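Listed here are the chains, written in short residue letters.
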Amino acid sequence: MSRRAILLAPGLLGPLRGLGAPSLPPLPAPTLVRWRARARIRRGPTGDLAALAGALFGTSAAGQAVAAQHAAGAARGPVLLAEPLHLPLVGEAPLVLRRQALALDAAAAGELRDALADHLRAEGLCLTLPTSDQWLLQPIDQPPPLLQVLAGPSPTTLQAPLPWPPDAAARRLLTELQMLLHELPANQRREAQGLAPVNTLWCYGAGPLDTPTGPRGIDRVCADELVVRGLAHAAALPVTSLADAEAGAGVLLATDAPQNWALAGDWGGYEAAVAALESTVLAPLERALQQGDIDRLELYTGADRWHIRRRARWWRRRHDGPVRPKAWSVDDA
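Residues numbered from 1 in each chain as written. Predicted model: local features only at pLDDT ≥ 70, side-chain atom pairs only at ≥ 80, totals over all residues. Heavy atoms only, no water.

Asker: Describe the packing of aromatic side chains, with residues and values.
Answerer: Two descriptors summarise a pair of aromatic rings, namely the distance from one centre to the other and the angle between the planes of the rings. According to the stated counting rule, one finds two aromatic pairs in the structure shown. Here tryptophan 164 and tryptophan 202 contribute two aromatic rings whose centre-to-centre distance is 6.1 Å and whose plane-to-plane angle is 55 degrees, an arrangement assigned as tilted. With tryptophan 164 in the loop between α5 (145-149) and α6 (168-182) and tryptophan 202 in strand β7 (residues 200-204), the pair connects residues that are 38 residues apart, well separated along the chain. Overall, tryptophan 164 belongs to the partly exposed group, its relative accessible area being 30%. Measuring from centroid to centroid gives 5.7 Å for tryptophan 267 and tyrosine 270, while their planes differ by 45 degrees, and the two rings are tilted. Within this pair, tryptophan 267 and its partner tyrosine 270 are both found in helix α10 (residues 267-291), separated by three residues, close to a single helical turn. When its relative accessible area of 17% is taken as the criterion, tryptophan 267 is described as buried. Note on tyrosine 270: relative accessible area 0%, which makes it buried. (Phe/Tyr/Trp six-rings, centres within 6.5 Å; stacked < 30°, edge-to-face > 60°. Helix = DSSP H or I, 4+ residues; strand = E, 2+ residues; numbered from the N terminus. Buried < 20%, exposed > 50% of the residue type's maximum accessible area, 1.4 Å probe, protein only.)

Set out below in structure tokens:
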């Protein structure tokens, strides 16, 4: 029986938005050089972390919020993911700051939630904060019609102009929330510290959750992203944080940190995220391959799928050079 491991790391190889360089420095990940030399690389599947995980667990794009609800242990019922973001303003580069790139701590998150609470309560809605940067929007009592029309696309697809919901009431509420966020002392303090303000609450992930099925040969999941953790819970697979991951047969590891820094066009943050993965995830997986703990690794980059076996029959020596991410300029985005 094949001893298999899977790594979901969309954005691991870029592209970096807004840097505008024809070529970028090599990534601080020598393990990727070794893997590329012996991997069979095929196109797809494409998408962000939630989409890749959904494809592996056999679920549709709908139901991401329900999966996050599973992971958070929140009360069952209608729900949307409501993610705090910094979205581009007029004259800014079309870059989205989310999660790691937003650097939102628990204290600031709680202050933002409290500032929006009364306005949302008047609409029959409330926010819960499973983590500082992954929030849920739920009805207080009976689901108001507004909850059904607020949902938009995933934040990874956003750029100016924003794809506002077609419903007028949903557009009104999102606009009012933006105005409230603009005036908050928490945001003013963030700007004084050189951090981007949270200027919108983006809602997405609506729909029922299909019954997920764990990928073949996978018996545990290591991830911090709520949708991935929720899919694992619904498939009755044990879940731990990525920080507690142990490379070995039957493990699925998942992270969206490289993609979030790439979306922000932040080379320093992206490089640091890749370097951290090299030491905590990539190198341990390579050791597991060398020692025979696993004999097959699948790497999903959000654009390509790499199949790396313990002993490849051939090596593509022309790829022994450093691995570099792709880049595009702001004008090409």
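Asker: Report on the sheet that holds strand β5 (residues 125-131), specifying residues and quantitative values.
Answerer: Taken together, the four strands give an open sheet; going across it, the order is β5-β6-β4-β7, and neighbouring strands pair in antiparallel fashion. Sheet topology places β5 and β7 at the edges, where each strand pairs with a single neighbour. The sheet shows a mean angle of 35 degrees between the axes of neighbouring strands, direction not considered. Along the sheet face, helix α4 (residues 106-121) touches β5, β6 (134-139) and β7 and points at about 160 degrees away from the line of β5. (Pairing = 2+ DSSP bridges. Axes fitted to C-alpha atoms, helices over the stretch in contact; angles between N-to-C directions. Contact = heavy atoms within 4.5 Å.)

Asker: Please give an account of the pairing of strand β12 (residues 304-309) that cites residues and values.
Answerer: Burial along β12 is one-sided: the face carrying Asp304, Trp306 and Ile308 is buried and the face carrying Arg305, His307 and Arg309 is not. Pairing geometry for strand β11 (residues 296-300) and β12, over five bridges, is antiparallel. Residue pairing in the sheet places tyrosine 300 in a bridge with arginine 305 of β12. Hairpin connection of β11 to β12: three residues between the antiparallel strands, including glycine 302 at a positive phi of 90 degrees.

Asker: Got a sec to walk through the pattern of salt bridges? Specific residues and values, please.
Answerer: Under the definition given, this model contains 15 salt bridges. In this structure, the salt-bridge partner of glutamate 123 is arginine 172, at a minimum N-O distance of 3.1 Å. Placement of glutamate 123 in the loop between α4 and β5 and of arginine 172 in helix α6 is noted, with a sequence separation of 49 residues between them. Arginine 220 is paired through a salt bridge with aspartate 219; the nearest N and O atoms lie 2.9 Å apart. When salt bridges that share partners are traced, they join Arg4, Arg296 and Glu298 into one network. (Salt bridge = Lys/Arg side-chain N within 4 Å of Asp/Glu carboxyl O.)

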